Amino acid sequence: MRTGVWLVGARGSVATTSVVGALALRAGLTGPTGCVTELPELRGPALPSFADLVFGGHDPVATPLAKRAEALADAGVLPARLVAALGAELAAVDDEVRPAPADGSQADRAATTVADLTAFRARHRLGRVVVVNVSATEPVPAPHPAHADPDALAAALAGPDEVLPSSSLYAYAAFVAGCPYVDFTPSTGARLPALEALADRHGLPYAGHDGKTGETLVKSVLAPMFAMRHLTVRSWSGTNLLGGGDGANLADPDANAAKVRSKDRVVGEILGYVPQGHTRIDYVEELGDFKTAWDLVTFAGFLGTGMRMEFTWHGCDSALAAPLVLDLARLTAAAHAAGRRGPLIDLAFFFKDPLGAPTHSLVEQWDRLTRFTAALHADAGGAA
Ligand SMILES: NC(=O)c1ccc[n+]([C@@H]2O[C@H](COP(=O)([O-])OP(=O)(O)OC[C@H]3O[C@@H](n4cnc5c(N)ncnc54)[C@H](O)[C@@H]3O)[C@@H](O)[C@H]2O)c1
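Fair warning: this is a prediction, and the values are worked out from it, not measured in the lab.

## Side note on the overall build of the protein
From N to C terminus, the protein includes 13 helices and 11 strands. In terms of C-alpha radius of gyration, the protein reaches 20 Å, essentially the compact-globule figure of 21 Å for 384 residues. By principal-axis analysis of the C-alpha atoms, the protein measures approximately 65 × 50 × 45 Å. Counting across all 384 residues of the protein, residues that qualify as buried make up 54%. When contacts within the protein are restricted to residue pairs at least 6 apart in sequence, long-range pairs at least 24 apart make up 77% of them. Placing the 32 positive and 41 negative side-chain charges of the protein at their respective mean positions leaves the two points 5 Å apart.

## Some points on the site of the ligand
Near the ligand, the surroundings consist of 28 residues, among which Val 14, Asp 59, Ser 135, Thr 137 and Thr 213 are the closest. A distance of 3.2 Å separates an oxygen atom of the ligand from a polar backbone atom of Asp 317. Considered on its own, the ligand offers 850 Å² of accessible surface; in the complex 88% of this is hidden by protein. Looking at the shell around the ligand, its residues break down into 10 nonpolar, 11 polar and 7 charged.

## A look at the environment of Arg 98
Along the chain, Arg 98 turns up in strand 3 (residues 97-99). The partly exposed category is assigned to Arg 98, whose relative accessible area is 25%. In this structure, the C-alpha to C-alpha distance between Arg 98 and Gly 56, residues 42 residues apart in sequence, is 7.9 Å. The contact partners of Arg 98, leaving out residues within four places of it in the chain, are Trp 6, Gly 57, His 58, Asp 59, Asp 116 and Arg 123. A polar contact of 2.7 Å, which involves the side chain of Arg 98, links it to the backbone oxygen of Asp 95.

## Observations regarding the packing of aromatic side chains
Per the counting criterion, the structure on display carries 7 aromatic pairs. Aromatic pair Phe 349 and Phe 350: ring centres 5.3 Å apart, planes at 90°, arrangement edge-to-face. Like Phe 349, the residue Phe 350 is buried in the burial classification. Pairwise contacts between aromatic rings join Phe 175, Tyr 181 and Tyr 206 into one cluster. One residue, Arg 330, lies across the ring of Phe 50, its end atom 4.3 Å from the ring centre.

## Brief notes about helix 9 (residues 215-228)
Because the α-helix completes a turn every 3.6 residues, residues three or four places apart line up on one side. If you check helix 9, its first and last C-alpha atoms are 20 Å apart, about what 14 residues at 1.5 Å a residue would give, namely 20 Å. Taken together, the buried positions of helix 9 are occupied by Glu 215, Thr 216, Val 218, Lys 219, Ser 220, Leu 222, Ala 223, Pro 224 and Phe 226.

## Structural notes on the pattern of salt bridges
Tallied over the full model, the rule gives 17 salt bridges. Across the pair Asp 94 and Arg 11 runs a salt bridge, and its minimum N-O distance is 2.6 Å. Linking Asp 94 in helix 4 (residues 87-94) with Arg 11 in the loop between strand 1 (3-8) and helix 1 (13-26), this pair joins segments that are 83 residues apart in sequence. Taken as a pair, Asp 94 and Arg 11 share a single burial class, namely buried. One salt bridge in this structure joins Asp 353 and Arg 265, with 2.6 Å as the shortest N-O distance.

## Considering the side chain of Thr 3
Turning to its location among the elements, Thr 3 is positioned in strand 1. With residues near it in sequence (within four places) discarded, Thr 3 still touches Pro 48, Asp 52, Leu 53, Val 54, Leu 126, Arg 128, Val 130 and Ala 333.

## Topic: the sheet that holds strand 7 (residues 232-242)
Sheet architecture is open: 4 strands sit in the order 8-7-9-10, paired in mixed fashion. With one partner strand each, in any of the chains shown, strand 8 (279-283) and strand 10 (306-316) form the two edges of the open sheet. Averaged over all pairs of adjacent strands, the angle between their axes in this sheet comes to 10°, without regard to strand direction. Sheet analysis places strand 7 next to strand 8, joined by 5 bridges and oriented parallel. Bridging from a neighbouring strand, Gly 238 pairs with Thr 279 of strand 8.

## Focus: the nonpolar core
Formed by 57 residues in total, the largest nonpolar core has its most connected members in Leu 7, Phe 55, Leu 78, Val 132, Val 134, Leu 347 and Phe 350. If one sorts the elements of this core by residue count, helix 12 (residues 317-337) sits on top with 10 residues. Phe 350 has contacts with Val 36, Asp 210, Gly 211, Lys 212, Leu 324, Asp 327, Leu 328, Leu 331 and Leu 369, leaving out every residue within four places of it along the chain.

## Describing the pairing of strand 6 (residues 205-208)
Along strand 6, one buried face is formed by Pro 205 and Ala 207 and the opposite face, lined by Tyr 206 and Gly 208, is buried too. Across 3 bridges, strand 5 (residues 181-183) lies against strand 6 in parallel orientation. If you follow Val 182 over to strand 6, its bridge partner there is Ala 207. As judged from the 2 bridges shared by strand 6 and strand 11 (residues 342-343), these two strands associate in the parallel manner. Bridging across to strand 11, Pro 205 finds its partner in Gly 342.

Rules used in this analysis
- Residues numbered from 1 in each chain as written.
- Predicted model: local features only at pLDDT ≥ 70, side-chain atom pairs only at ≥ 80, totals over all residues.
- Heavy atoms only, no water.
- Helix = DSSP H or I, 4+ residues; strand = E, 2+ residues; numbered from the N terminus.
- Rg over C-alpha atoms; globule rule 2.2 N^0.38 Å.
- Buried < 20%, exposed > 50% of the residue type's maximum accessible area, 1.4 Å probe, protein only.
- Contact = heavy atoms within 4.5 Å.
- Lys, Arg positive; Asp, Glu negative; His and termini not counted.
- Charge placed at Lys NZ, Arg CZ, Asp CG, Glu CD.
- Near = heavy atom within 4 Å.
- Polar contact = N/O pair within 3.5 Å; in protein donor to acceptor, adjacent residues only side chain to side chain.
- Areas by Shrake-Rupley, 256 points an atom, 1.4 Å probe, with all protein chains shown as cover.
- Nonpolar A, V, L, I, M, F, W, Y, C, P; charged D, E, K, R; others polar.
- Phe/Tyr/Trp six-rings, centres within 6.5 Å; stacked < 30°, edge-to-face > 60°.
- Lys NZ or Arg CZ within 6 Å of the ring centre and 35° of its normal.
- Expected span 1.5 Å × (residues − 1).
- Salt bridge = Lys/Arg side-chain N within 4 Å of Asp/Glu carboxyl O.
- Pairing = 2+ DSSP bridges.
- Axes fitted to C-alpha atoms, helices over the stretch in contact; angles between N-to-C directions.
- Core = buried A, V, L, I, M, F, W, Y, C linked by side-chain atoms within 4.5 Å.

Shown next as structure tokens:
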């Protein structure tokens, strides 16, 4: 099942690491550590193989992928030997990256995106193309009446207003082109009634939001522990220090607010009450793609005795995110092939702010994911 993976933000750190990782897996130069779809519980016939994945994408910057990969190798994110070995393959993917459409009305830009997607699908004879947003995080957009209805939206896009934020315009174009859409960022993406209706009209699945790769991943394991032991969490404060393009973008207060909103939700929704404290994200250029998160949790036990725990997470963000991008592309492609439509709430395992928010507990999310994947494999005619 040849499957296209169209990366919005194709020259960014997460996208470049995803492409290098998939090419290295295909060439047998590395193993699938970090790819949960390669665990025995999830592996099976419904998923396209790494060799089946064909990459393309959009980005406003023109830096060749090989140069981006070299910079990531210099920063210790990617092994330099892999980047050196994959030069020809990276150049081939580079040929499939198009400039982010920037001219004309939003309808014109959506039409260019649709044309790029359909030409990519035809050129490579792909069964389907999954559009994955790994572009820079956007601020939360202002509401617009056309967000409520797909026909009103199509009409408004042809006018002079910026009706949709960029992530949602890509989701719109993906649905018009018949492509499933995954949002790995906290941006709005497909989370508008008009876009949900459009996905339904085209019988398409979509997934999101905001890959769960670090501090929030740990929170989604620890918070259920406090809840299950009937301990009262009095405060939970976290400070995240990160560099890289994502960190630089999150230095913008509006983008920062969108990200913090996504990160803050988990603990309150698992516990059923909101403890004191906040999550902060600070940009420290020196850290590059390596992130440090410090969390302090104060809690009360029997007879009100106060206690505390602290943890420190040092993660390489792109190395944690890239295998999940590949997992999400494979699972969403399989869901589309099986005729699933609408929000893929069983993929909550991957996200900080999951669509439909069925649960924020990682263990419960894992249970849903394994059942969902087993059903896809059964549909595809084999056992996982
Ligand atoms: N790394 C992680 O662990 C992680 C976890 C969750 C979410 N994310 C999200 O993933 C996204 C990517 O992170 P990154 O570290 O790769 O950032 P990055 O800054 O390295 O890459 C973003 C890329 O998007 C491109 N871009 C900007 N506007 C665009 C547009 N309109 N169309 C197409 N491309 C556009 C930029 O040119 C850049 O190449 C961010 O939104 C981040 O919040 C990352």
